[in-house]
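Residue-level listing of the chains:
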Amino acid sequence: MVKENTFAFFLGCLMPNRYPAIEKSTKFVMEKLGYEILDMERATCCPAPGVFRSFNKIDWMVAAARNLCIAEQLDADILTVCNGCFGTLQEVNKHLKTNEEHREMVNEKLKLIGDYEFKGTIDVRHIAEVLGYEIGPWGIEDHIVRKVNARAAIHYGCHFLKPTRIREIESSEGPTIVEEFVEALGIQSIQFNEQLTCCGAGGGVKAYDGNASMTIFAEKMKNIDDVKPDFILDICPFCHLQYETGQDYLNKNKNCNYDYPVIHLSQLTAYCMGMDKEFVGLHYQLMGKDYIFGGEEIRKEIKEAI
Amino acid sequence: MELRNYATKLGNISPNHRAVVGYLKNFGHAVPINEEVKKRRVELGLEELPPTAFKFKQEGDDKDLKNFEEHMFDLPPVKEEKKEEEET
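Residues numbered from 1 in each chain as written. Chains lettered and ligands numbered in written order. Predicted model: local features only at pLDDT ≥ 70, side-chain atom pairs only at ≥ 80, totals over all residues.

Quick look at the overall build of chain A
1) Next: In terms of regular secondary structure, chain A is built from 15 helices and 10 strands.
2) Next: Whereas a compact globule of 306 residues would reach a radius of gyration of roughly 19 Å, chain A reaches 19 Å, a difference of no more than 12%.
3) Next: Seen along its three principal axes, the alpha-carbon backbone of chain A occupies a region of about 55 × 50 × 30 Å.
4) Next: In chain A, which comprises 306 residues, the proportion classed as buried is 55%.
5) Next: Considering only contacts within chain A whose residues lie at least 6 apart along the sequence, 80% involve residues at least 24 apart. (Helix = DSSP H or I, 4+ residues; strand = E, 2+ residues; numbered from the N terminus. Rg over C-alpha atoms; globule rule 2.2 N^0.38 Å. Buried ≥ 20, exposed ≤ 12 C-beta atoms within 10 Å, placed from the backbone. Contact = placed C-beta atoms within 7 Å.)

What to know about the overall build of chain B
1) Next: If you tally the helices and strands in chain B, you get five helices and zero strands.
2) Next: Mapped in sequence order, the helices and strands of chain B form the string α-α-α-α-α.
3) Next: For 88 residues, the compact-globule formula gives about 12 Å, and the C-alpha radius of gyration of chain B, at 18 Å, lies well above that figure.
4) Next: Each of the three principal axes of chain B carries a C-alpha extent, and together these read 65 × 25 × 25 Å.
5) Next: Scored against the burial criterion, the 88 residues of chain B give a buried share of 25%.
6) Next: Expressed as a percentage of contacts within chain B between residues at least 6 apart in sequence, the contacts between residues at least 24 apart total 55%.

Thoughts on the pairing of strand β1 (residues 6-9) of chain A
Residues and elements named next belong to chain A.
1) Next: Note: β1 against strand β2 (residues 36-39), four bridges, orientation parallel. What sits directly across from F7, in β2, is I37.
2) Next: Across three bridges, β1 lies against strand β3 (residues 77-80) in parallel orientation. Following the sheet pairing, A8 is matched in β3 by I78. (Pairing = 2+ DSSP bridges.)

Notes on the sheet that holds β2(A)
All names here are of chain A.
1) Next: The four strands lie next to each other as β2-β1-β3-β4, forming an open sheet whose pairing is parallel. If you trace the sheet from one side to the other, it starts and ends with β2 and β4 (124-126), each paired once. Averaged over all adjacent pairs, the angle separating strand axes in this sheet is 40 degrees, with direction ignored.
2) Next: Where β3 meets β4, three bridges bridge the pair, whose relative direction is parallel. (Axes fitted to C-alpha atoms, helices over the stretch in contact; angles between N-to-C directions.)

A word on the interface of chain B and chain A
1) Next: Chain B puts 34 residues into the contact, and the matching count from chain A is 37 residues.
2) Next: Tallying contributions element by element places helix α2 (residues 15-27) of chain B first for the side of chain B that touches chain A, with five residues.

Focus: the nonpolar core
1) Next: Counting residues in each nonpolar core, the largest one holds 120 residues, and the members touching the most others are A:F10, A:A65, A:L89 and A:L233.
2) Next: Among the elements that line this core, the one with the most residues is helix α4 (residues 57-74) of chain A, at 11 residues. (Core = buried A, V, L, I, M, F, W, Y, C linked by C-beta atoms within 7 Å.)

A closer look at the domain arrangement of chain A
All names here are of chain A.
1) Next: In terms of domain boundaries, chain A breaks down into domain 1 (6-126) and domain 2 (145-305).
2) Next: In this structure, domain 1 and domain 2 have C-alpha centres spaced 24 Å apart.
3) Next: Going through the elements one at a time, α1 (14-17), α2 (20-32) and α5 (83-98) are the ones with two or more residues in the side of domain 1 that touches domain 2.
4) Next: In terms of residue count, α2 provides more of the side of domain 1 that touches domain 2 than any other element does, eight residues in total.
5) Next: When its residues are assigned to classes, the side of domain 1 that touches domain 2 shows 12 nonpolar, nine polar and five charged. (Domains from an automatic or database assignment. Nonpolar A, V, L, I, M, F, W, Y, C, P; charged D, E, K, R; others polar.)

Quick word on the pairing of strand β8 (residues 231-234) of chain A
Residues and elements named next belong to chain A.
1) Next: Both faces of β8 are covered, namely the face carrying F231 and L233 and the face carrying I232 and D234.
2) Next: Pairing analysis gives four bridges linking strand β6 (residues 150-155) to β8, with the strands arranged parallel. The residue of β8 that forms the bridge with A153 is I232.
3) Next: Note that the unit made of β8, helix α12 (residues 237-253) and strand β9 (residues 262-264) has a crossover that is right-handed. (Right-handed = clockwise from strand over helix to strand, strands pointing away.)

Some words on the sheet that holds β9(A)
Residue and element names in this part refer to chain A.
1) Next: A sheet is described by the order of its strands in space; here four strands give the open sequence β7-β6-β8-β9, paired in parallel fashion. On the outer flanks of this sheet lie β7 (187-189) and β9, each paired with one strand and no other. For this sheet, the mean inter-axis angle between neighbouring strands, taken without regard to orientation, is 40 degrees.

Let's talk about the confidence of the model for chain B
Caution applies to low-pLDDT regions: their predicted coordinates should not be interpreted in detail.
Residues and elements named next belong to chain B.
1) Next: With 91% of its residues at a pLDDT of 70 or more, chain B has an overall mean of 90.
2) Next: Looking over chain B, one finds the lowest element-wise mean pLDDT in helix α1 (residues 2-9), namely 92, and the highest in helix α3 (residues 35-43), namely 98.
3) Next: For this predicted complex, the interface confidence reaches an ipTM of 0.93, while the overall pTM sits at 0.94. (pLDDT = per-residue confidence, 0-100.)

Re α2(A)
Residues and elements named next belong to chain A.
1) Next: Compared with an ideal rise of 1.5 Å per residue, which puts 13 residues at 18 Å, α2 spans 18 Å between its outermost C-alpha atoms and is within 8% of the ideal.
2) Next: Burial analysis of α2 places 10 of its 13 residues in the buried class, the great majority of the element.
3) Next: For α2, the set of buried residues is P20, A21, I22, E23, K24, S25, T26, F28, V29 and M30. (Expected span 1.5 Å × (residues − 1).)

Concerning the packing of α4(A) against helix α6 (residues 100-113) of chain A
All names here are of chain A.
1) Next: Running from amino to carboxyl end, α4 crosses α6 at an angle of 70 degrees, the nearest separation of the two axes being 9 Å. One element, α4, and the other, α6, form an angle in the roughly perpendicular class. Like other packed secondary-structure pairs, α4 and α6 cross with a definite hand, here right-handed. Here I58, M61, V62, A65 and R66 of α4 lie close against α6, whose contacting residues are H102, M105, V106, K109, L110 and I113.
2) Next: Of the residues belonging to the contact of α4 with α6, the class tally is eight nonpolar, one polar and two charged. (Parallel < 35°, antiparallel > 145°, perpendicular 65-115°, else oblique. Left-handed = near helix turned anticlockwise from the far one by under 90°.)

Below is the structure:
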């Protein structure tokens, strides 16, 4: 039995190493909601499913299992804010819990890289699912001090919901979990063409062929620009990077003039729960540096107590 | 997936992807930290380095990443480019 209301916080790569404001925001949100957040010392890259699994599937599982073992030793479920990390860790965790042959093979190799043995005692959770289902729009109302009055283009990305037979969260064809949660924060979700397609970063594409990645992304941005949202809301630091650097690339190379702020669900939720805008970190980002959240203070007495 | 694993085993892996494997072995991350982000982390009230394997390497304890270097994602050497035939 894992510890209740406690998570082993899996950082991954892009959040701590490119967007630390998402890390700050996530800690703020989870601690305000009453969870204990534990460091996963010595963790590594998940490793990313699009690249490392395609090089060597067994080693991909071993490296993922090593991360899972660190959380098992903390006796806590893993919390991730990244779709790729979720994809790898949730999939390997589920697979090794049921596939004895692979579990033995992985545990044999784990002995070579340290004092690790996969036991299958924890689960892996994504923050969008924890906020959307465990806290829920009904539960977050009691914790927010302001609502943001804005229209957002919500980007789910790929690995949070797909493959659905493994994720078992909700349909990947018509998801509403994020829309329903952020509605409680004052956000109106704006639908756009091809909303549920990839941003063009994952699957090893961005690392392998930047031009192909930008071709996919340009189509995505055109569809978003058609509906003129106030900002783009994502649930994955890799998609976040793509929307940030991609807009910059299109402006410099394809005669575009995009400046849509890119905001992770953790950043938005932290702001609505009272975190100072300075820590939301938009001034560190490439796009929408000067964006000012509209909206209203709703519970001044709680804000004063923060 | 099996085909992609087999292609890698034969050395058919792009230089960019090969570099990502190098990052994992050297830094424990597919995307390593840089000086600018270290500064931002401190400004945000976070530790300069996240408590991942790289931080321990920086502090002189590199056993995790040494083990990765030795035992994980062993790639075949870079293939030499085929020389063009001088005459057909």
